[in-house]
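# Architecture at a glance
If you want the building blocks of each chain, they are given just below.
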Amino acid sequence: MQVTVENLGGLGRRVRVEVPALTLKQRIDQQLRDYALKANIKGFRRGKVPATVIEQRFGSKIRADVRQDLVRETLNEALSKEGLRPAASPAVNAEPVEDSFAYTATFDVLPEIGTIEVAELKIERETAQVSEADIDRMIDNLRKQRVAYRPADRAAQEADMAAFEYRIEGEEGLRVPAEGTERGAAILGQGAIFPEMEAALVGLSIGEVFETDISFAADYRDAALAGKTARVHGKLLKLSQPEMPEADADFIRSFGVADGELESFRREIRANLDRELAQALSARLRMTVVEQLVAKYDHVEVPASLVDMECRALQERDQAELRRRAQSAGMSDVPSAPELSNYSDAARKRVRAGLLLNEIASQQGLRLEPKRVEAAIAQVASTYEDPAEVVQWYQQSPELLRSVQNRVMEEQVAEWVASQAQVTEVERSFTQIVSPQTAGGAA
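Residues numbered from 1 in each chain as written. Predicted model: local features only at pLDDT ≥ 70, side-chain atom pairs only at ≥ 80, totals over all residues. Heavy atoms only, no water.

## Some words on the pattern of salt bridges
Counted only if it meets this: Any carboxyl oxygen of Asp or Glu that lies within 4 Å of a side-chain nitrogen of Lys or Arg is treated as forming a salt bridge with it. Where helices and strands are cited, they refer to DSSP runs of H or I of at least four residues and of E of at least two residues respectively, numbered from the N terminus.
Counted by the stated rule, this structure contains 31 salt bridges. The closest approach of N and O atoms between R372 and E415, which form a salt bridge, is 3.0 Å. Pair noted here: R372 is in helix α9 (residues 370-381) and E415 is in helix α11 (residues 398-420), with a separation of 43 residues, a long-range link.

What follows is the structure, encoded as structure tokens:
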């Protein structure tokens, strides 16, 4: 076997491998003999099929299989011999070489990072505890999720559910709908309808009318209204006010707490919030460690092939989210995600972070802890109605299992880095960690 390596610049490499004609012939002949022994062809006894028949029936497939096997075997050997570490699966192209077999493999190699030093990194490690007020807040949220609405005989106010009809009139005879009125309903104060309409509805009683002007965005879904200002004429048809359930025994039992006791309910909520907080703290530590590492080792070259794969993954993620939103809104047209080039910076950062974390794990001999993987899967499963079924999904899906394993490994690396770096602990509230936007963006 002859191997030549070509440097394509940067991390790009092209390896050419030529397999001797004798090796190729021996492998093909052996496969032909194996087929002759096993083939079951009508008119011939097993093991007595002439070589010419085997060649005619299976020759093309045998040659293709042998070449594929030779690529797999010889490429690994060539890469090991030359000390090359591909960043992703090489692109292999066969060459037309008479009486032998040759191919080229093109790929990016992993960069030589060297020893990663973390002792000088300055990391803020956030800490937080679940308070009684956090439990109270969660109980209130659960009550709001079970809110019921009953007719209201008063003026509309925020949090009420208002049903209304309306029509839109503009310049040059614009009228939407063309005849009659449209009907809608919304909970006031939640931003589900135009702010101007919400403001106009607040204070109205059933049967009263309102008028207000609305400036429609240039990309508004109705082309007739896009980019225009029009007047909305409406009437309040029905009004319902919210009624939150009491946190009584029946309410508590509806969440699976058999004894219906408030203290038991609070213990269950605390356990759930503790798990949520631990996951959020771990994620924020990973983010802090990654930012510090990427900033310190921003000179590390990243394989273009991995950046391209990451760009595509980010684009597919965004496209899936746009599709989900369109379906939720009942839209037939799904917006397109940004062009791949828009993801380059984020993708490069993510790839560099992955390379650094993997290199640290390798240099420090960190190994994936199976018990942590099991705990992570159990935590995800606990949020579903049938946890055992979810655990089974993860165990049977290589992709799902790999995603959890990768996250756990990153957690282990981040914790190791934090144990070696200059760490300052910063105390936060539960809300600041779990819902930073709600807490005014504090972090």
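On we go.
## A few points about the pairing of strand β2 (residues 12-19)
We count it as follows: Only when DSSP finds a minimum of two bridges between them are two strands counted as paired.
Where strand β1 (residues 2-9) and β2 come together, 7 bridges link them in antiparallel fashion. Opposite V3, over in β2, you have V17 as the bridge partner. What sits between the antiparallel neighbours β1 and β2 is a turn of 2 residues, in which G10 has the positive phi angle 65°. Relative to strand β4 (residues 101-108), β2 runs antiparallel, the two sharing 8 bridges. Paired with E18 across the two strands is A102, which belongs to β4.

## A short note on unusual backbone geometry
Applied cut-off: Partly exposed describes any residue whose relative accessible area lies between the buried limit of under 20% and the exposed limit of over 50%, with all areas from a 1.4 Å probe on protein chains only and scaled to the type maximum.
That bond from V176 to P177 is cis: its omega, -5°, falls within 30 degrees of zero. Take P177: it is sitting in the loop between β8 (175-176) and β9 (182-187). Look at A159: it is not a glycine, yet its phi comes out positive at around 85°. When you line up the elements, A159 lands in the loop between β6 (148-151) and β7 (161-169). Judged by relative accessible area, which is 34%, A159 ranks as partly exposed. A positive phi is found at E172, a non-glycine position, where the angle reads about 55°. Along the chain, E172 falls in the loop between β7 and β8.

Note that every value here comes from positions in space, so none of it alone points to a role or purpose.
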